[in-house]
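# Summary of structural features
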Amino acid sequence: MSAKVTPDRVVGVAALVVAALAPLLFSTYWVSALLTQMLFLGIVAASLIFLSAYGGLVSLAQVAIYGIAGFVLGNATTGGDAKGLNLGWSPWLGVLAGIGVAVAIGLLFGALASRSVGIYFLMITLTYSVIANLTFGQVTDISGFGGISGVPTPGLVGDPAENPNRLYYICLVCAVAVYVLLRYIVRTPFGLSLQGVRDDPVRMASLGYNIPLHRTLAFGLAAFVAAVGGILFVWWNGHIDPASIDLTATIDVLVIAVVGGLYRLEGAWIGALFFVIVNNYSQRIDFIGPRFHTLIGAIFLVIVLVSPGGLIGLWERLLSVLSGRRGGPEDRKPVDLGHAEPSV
């Protein structure tokens with residue numbers, strides 16, 4: 001059966017084609033400084049949106065987790081006079097270590113927070129973020145406030161300064177893979193039961209589902225996604241320090257997710273693109289430059305008031321107007337996944 005052609009799919013395919021041809025269509029600066037950054041920030045935001053849209057859990061720990069992956073990578077692969085443990089491992093072994101440690105800590109974080117919801121879950125994950133920031137800032141053996149510089153990249157990546165297109169395409173492949181993986185998982189029995197936990201945890205518990213376990217596994221999966229974003233960030237930046245995962249960075253990722261659309265995975269990359277463009281070009285305006293977060297906060301407030309579903313919500317409203325459909329605002333609801341029943 002052929003796939004139905006919808007405006008969403010047409011725009012999605014067009015965006016993917018433009019992304020694939022980006023090095024031919026845009027300047028090197030745009031590709032290396034903006035689009036590559038958009039891709040890995042979108043991956044981190046997608047981990048937050050996955051938890052929010054399908055688990056009903058808004059996490060402020062995603063930046064801390066991607067920072068943990070980055071710091072482990074830095075400690076494992078650097079050598080010589082760099083700060084940290086200087087273990088001198090191969091870059092790919094460092095990647096496995098970074099993702100593995102981040103997922104393990106994510107599962108621990110998830111297990112501790114899995115019995116809370118709403119504002120309580122939000123505050124617990126914010127505590128995780130603060131703990132991670134202070135730990136890497138004060139424990140000089142693994143970082144210190146100066147951070148870790150000179151993190152080596154694999155030969156496949158090369159030097160991002162000399163060959164920015166390599167890292168861009170690696171980030172693009174990772175972003176597409178993350179999107180496909182999450183879209184697949186939310187349609188599996190685990191994904192469908194997770195949405196049941198989101199909608200009515202009491203009923204799901206009465207049916208025999210282990211609510212804390214579902215939330216813990218979801219948090220672990222989100223940690224894996226965030227860790228991938230952290231690895232890409234360190235390759236792109238060549239440096240990581242506690243300021244990379246401070247409260248400002250945590251709020252930035254939340255803003256990206258909300259502005260893009262907290263109920264659609266696509267909103268992660270739309271919000272990230274909007275964020276990096278506004279951040280880059282507002283810095284060139286004298287009276288805005290140092291006040292970027294005031295500007296993005298005002299934009300955030302306007303978008304939340306006008307469209308709770310973010311930019312994706314505005315797009316869905318436009319489609320509703322053009323098609324003549326009426327009803328409740330689509331931007332307040334998660335993606336419709338049909339009526340499939342979860343299997344026990």
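The preceding data block contains the structure.
Residues numbered from 1 in each chain as written. Predicted model: local features only at pLDDT ≥ 70, side-chain atom pairs only at ≥ 80, totals over all residues. Heavy atoms only, no water.

On to the overall build of the protein, then. Regarding its fold elements, the protein presents 14 helices and 2 strands. The principal-axis extents of the C-alpha atoms in the protein amount to approximately 60 × 50 × 45 Å. In the protein, buried positions account for 49% of the 344 residues. Across the protein, contacts joining residues at least 24 apart in sequence account for 74% of those joining residues at least 6 apart. Placing the 18 positive and 17 negative side-chain charges of the protein at their respective mean positions leaves the two points 10 Å apart. (Helix = DSSP H or I, 4+ residues; strand = E, 2+ residues; numbered from the N terminus. Buried < 20%, exposed > 50% of the residue type's maximum accessible area, 1.4 Å probe, protein only. Contact = heavy atoms within 4.5 Å. Lys, Arg positive; Asp, Glu negative; His and termini not counted. Charge placed at Lys NZ, Arg CZ, Asp CG, Glu CD.)

Excluding glycine, most residues fall at negative phi; most peptide bonds, likewise, are trans. Located in the positive-phi region is Asn86, a residue other than glycine, with phi close to 55°. Secondary-structure assignment places Asn86 in the loop between helix H4 (62–77) and helix H5 (91–113). Residue classification places Asn86 among the partly exposed residues on the basis of a relative accessible area of 23%.

Counting across every chain of the model gives 13 aromatic pairs. Relative to Tyr54, the ring of Phe50 has its centre 6.2 Å away and its plane inclined at 40°; by these criteria the two rings are tilted. In this pair, Phe50 and Tyr54 are both assigned in helix H3 (residues 28–55), 4 residues apart and thus about one turn of the helix distant. Side by side, Phe50 and Tyr54 carry an identical accessibility label, which is buried. Centroid distance Phe109 to Tyr128: 3.9 Å. Interplanar angle 10°. Geometry classified as stacked. Of this pair, Phe109 sits in helix H5 while Tyr128 is found in helix H6 (residues 118–138), placing the two residues 19 residues apart along the sequence. Phe109 gets classed as buried once you look at its relative accessible area, which sits at 12%. You can call Tyr128 buried: its relative accessible area is 7%. Among the aromatic residues, those joined into a ring-pair cluster are Phe40, Tyr66, Phe233 and Trp236. (Phe/Tyr/Trp six-rings, centres within 6.5 Å; stacked < 30°, edge-to-face > 60°.)

The subject of this paragraph is the packing of H3 against helix H10 (residues 211–237). Closest axis-to-axis distance for the H3/H10 pair is 8 Å, and the angle between their directions is 165°. Put simply, H3 runs roughly antiparallel to H10. For H3 against H10, the interelement crossing comes out left-handed. Contacts from Ser32, Ala33, Thr36, Gln37, Phe40, Ile43, Val44, Ser47, Phe50 and Leu51 in H3 reach Ala218, Phe219, Leu221, Ala222, Val225, Ala226, Gly229, Leu232, Phe233 and Trp236 in H10. Looking at side-chain class alone, the contact of H3 with H10 contains 15 nonpolar, 5 polar and no charged residues. (Axes fitted to C-alpha atoms, helices over the stretch in contact; angles between N-to-C directions. Parallel < 35°, antiparallel > 145°, perpendicular 65-115°, else oblique. Left-handed = near helix turned anticlockwise from the far one by under 90°. Nonpolar A, V, L, I, M, F, W, Y, C, P; charged D, E, K, R; others polar.)

For the rest of this paragraph, the subject is the nonpolar core. Judged by nonpolar contacts, the single largest core of 92 residues is most densely connected at Leu39, Phe50, Tyr168, Leu182, Leu232, Trp235 and Trp269. Residues within four places of Trp269 in sequence aside, it is in contact with Met38, Leu39, Gly42, Ile43, Ala46, Ala175, Val178 and Tyr179. (Core = buried A, V, L, I, M, F, W, Y, C linked by side-chain atoms within 4.5 Å.)

Structurally, the position occupied by Ser193 is in helix H8 (residues 189–199). For Ser193, the side chain forms a polar contact with the main-chain oxygen of Phe190, separated by 2.8 Å. (Polar contact = N/O pair within 3.5 Å; in protein donor to acceptor, adjacent residues only side chain to side chain.)

Glancing now at helix H13 (residues 292–306). If you check H13, its first and last C-alpha atoms are 21 Å apart, about what 15 residues at 1.5 Å a residue would give, namely 21 Å. For H13, the complete set of buried residues consists of Phe292, Ile296, Ile299 and Ile303. For H13, the angular spread of buried residues about the axis comes to 60°, placing them on one side. Set apart from the buried face of H13 by more than 90 degrees, the exposed residues are Thr294 and Leu305. Along its buried surface, H13 packs onto helix H11 (247–260), helix H12 (266–282) and helix H14 (310–323). (Expected span 1.5 Å × (residues − 1). Arc of directions from axis to C-beta.)

This next bit is on the environment of Asn279. By secondary structure assignment, the location of Asn279 is in helix H12. Judged by relative accessible area, Asn279 falls into the partly exposed class, the value being 22%. With 96 residues separating them in the primary sequence, Asn279 and Arg183 have C-alpha atoms 29 Å apart.

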